[in-house]
Amino acid sequence: RRWRHVFPTALLLPIAGCAGAQSSLDPAGTEADLVATLFWAMTGGGALIWLFVVGFSVFVTKIRPSAYSDAAGVHLIVWGGCVFPVVVLGFLVWFGTAAMPDLRRASDGPRIAVSGERFWWRIAYDVEGEPGVARSLPKGGVASANELYLPLGRRSEILLGSPDVIHSFWVPAIAGKTDTIPGRVNRLVLEPTRAGTFNGICAEFCGTAHAEMGFRVIVLPEADYLARVAAEAGPAALTAHPGRDLFLAHGCGACHAVRGTEAAGTVGPDLTHLAARRTLGAGILPMDEASIARFVRDPGAVKQGATMPPFRHLPEAEIATIAAWLGRLR
Ligand code: CUA
């Protein structure tokens, strides 16, 4: 008796993941909407089969054992085990297949390249050209990282690639996941139907920091989206600062770009508008000066497998000055 609440409560546990910024069951995009519909249809169909088969079995074995005979057993197998599942599963296959063309609709929005890299996301807005014979991502565009802005109600074309290993780009609330594969370009059309901030994650094991390879998707009304991308395209907000001098003196510009300065590296994330992002290190730290200093001091301690070397040999005051500069690059 004491346990009578446990079963219903346990039933609630699986639906604890049904809401939130990273749930495919709280859809904010056309494709996620379809995925959620399919999920509930499959769950309903599966539950129907389960109830019918188990109910029939309980009936003939427990409730009316006298009704059980070899003939009843044959009926159970033929109707409950074959005909009924074939009808229900057949309907689900048709339902799922008929929904597929909706996922292949052409884009009417911006073209954005997203590259999965160990262990962050390179983003370039308004990329030009088609992928060439090298089958790498198209070049150019407005460089950013780990935060993807999308216009509300538009079908944005996302071109997915990778320079190292296979990652998988997944924003559960907006669309299903698609792999980023070295040497080829995968296309994904994202059509957000609700403004807001959503969480994305790498969904393919890619190394030690796979679980720390998150990103944000920020859906804005189209005018705000265009303003945001125009801001991303501009040079750094602050180019005269002692932190900039230290940044360049210690060679940070070999890997990172800060437009408006001599730093033009392309190995690591573009830092031109670093402080405008909500998180640091692909979703693992809040964006503030303390986090930037911590990351610069020892990236591997914050994120195992980070490619950036540690700079803990620098005097703390210099790290703080660099962080103070980067923390103002909005
Ligand atoms: Cu990238 Cu897992």
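Under an unreviewed UniProt entry, the name given to the chain is Cytochrome b561, and the source organism is Aureimonas endophytica. We quote the UniProt Sequence similarities (unreviewed entry) comment for the chain here in full: "Belongs to the cytochrome c oxidase subunit 2 family." Per UniProt, the comment on the chain under Subcellular location (unreviewed entry) is "Membrane".

As for the overall build of the chain
When its secondary structure is counted, the chain shows 8 helices and 12 strands. Taken against the 2.2 N^0.38 rule, which gives 20 Å for 330 residues, the C-alpha radius of gyration of the chain at 26 Å runs more than 25% over that of a compact globule. When its C-alpha atoms are laid out on the principal axes, the chain stretches across 90 × 50 × 35 Å. Burial analysis of the chain (330 residues in total) assigns 32% to the buried set. Intrachain contacts of the chain at a sequence separation of at least 6 include 63% that bridge at least 24 residues.

A short note on the sheet that holds strand β5 (residues 156–161)
The strand order across the open sheet formed by 5 strands is β3-β2-β1-β5-β8, and the pairing between neighbours is mixed. The open sheet terminates on both sides in strands that have one partner only, identified here as β3 (142–145) and β8 (186–190). Mean inter-strand twist for the sheet, computed between neighbouring axes without regard to direction, equals 25°. As paired elements, strand β1 (residues 111–117) and strand β2 (residues 120–125) share 6 bridges and run antiparallel to each other. For serine 115, the partnering residue across the bridge sits in β2 and is arginine 122. Contacts from helix α4 (residues 222–233) reach β2 and β3 within the one sheet, and its direction differs from that of β3 by about 95°.

Observations concerning the environment of valine 88
You can see valine 88 is positioned in helix α3 (residues 70–99). The partly exposed category is assigned to valine 88, around which 16 C-beta atoms lie within 10 Å. Valine 88 has contacts with Gly45, Leu48 and Ile49, leaving out every residue within four places of it along the chain.

Some points on the packing of helix α2 (residues 30–63) against α3
Contact pair α2 / α3: the axes reach a minimum separation of 11 Å and the direction vectors enclose 175°. When the interaxial angle is binned, α2 and α3 end up roughly antiparallel. Between α2, through Leu34, Leu38, Ala41, Met42, Gly45, Leu48, Ile49, Phe52, Val53, Phe56, Ser57 and Val60, and α3, the contact on the second element is made entirely by Ala72, Leu76, Gly80, Gly81, Phe84, Pro85, Val88, Leu92, Phe95, Gly96 and Ala99. Residues that form the contact of α2 with α3 fall into these classes: 18 nonpolar, 5 polar and no charged.

Some remarks on the sheet that holds strand β9 (residues 196–202)
Strand order across the open sheet formed by 5 strands is β4-β10-β9-β6-β7, with mixed pairing between neighbours. One side of each edge strand has no neighbouring strand; the edge strands of this open sheet are β4 (147–151) and β7 (178–180). Averaged over all pairs of adjacent strands, the angle between strand axes in this sheet comes to 30°, irrespective of strand direction. As paired elements, β4 and strand β10 (residues 214–220) share 5 bridges and run parallel to each other.

Rules used throughout
The numbers attached to residues start from 1 for each chain and follow its sequence in the written order. This being a predicted model, a pLDDT of at least 70 is required before a residue's local features are given, and a value of 80 or more before pairs of side-chain atoms are given or counted; all residues contribute to the totals for chains, interfaces and linings. UniProt positions are given in the numbering used here, feature names are shortened, and annotations may be inferred rather than shown by experiment. Helix and strand labels come from DSSP, where a helix needs a run of H or I of at least four residues and a strand needs a run of E of at least two; each type is numbered from the N terminus. The atom set for the radius of gyration is the C-alpha atoms, and the globule formula is 2.2 Å times the number of residues raised to the power 0.38. Whether a residue is buried, exposed or partly exposed is read from the other C-beta atoms within 10 Å of its own C-beta, which are placed from the backbone; 20 or more gives buried, 12 or fewer gives exposed, and intermediate counts give partly exposed. By definition, residue pairs are in contact when their C-beta atoms, positioned from the backbone, come within 7 Å. Note on pairing: DSSP must find at least two bridges between two strands before they are called paired. Lines fitted to C-alpha atoms define the axes, with helix axes restricted to the stretch in contact, and inter-axis angles between N-to-C directions lie between 0 and 180 degrees. Angle categories are assigned with fixed cut-offs, so that under 35 degrees is roughly parallel, over 145 is roughly antiparallel, 65 to 115 is roughly perpendicular, and the rest are oblique. Polar here means any residue outside two lists: the nonpolar Ala, Val, Leu, Ile, Met, Phe, Trp, Tyr, Cys and Pro, and the charged Asp, Glu, Lys and Arg; Gly therefore counts as polar.

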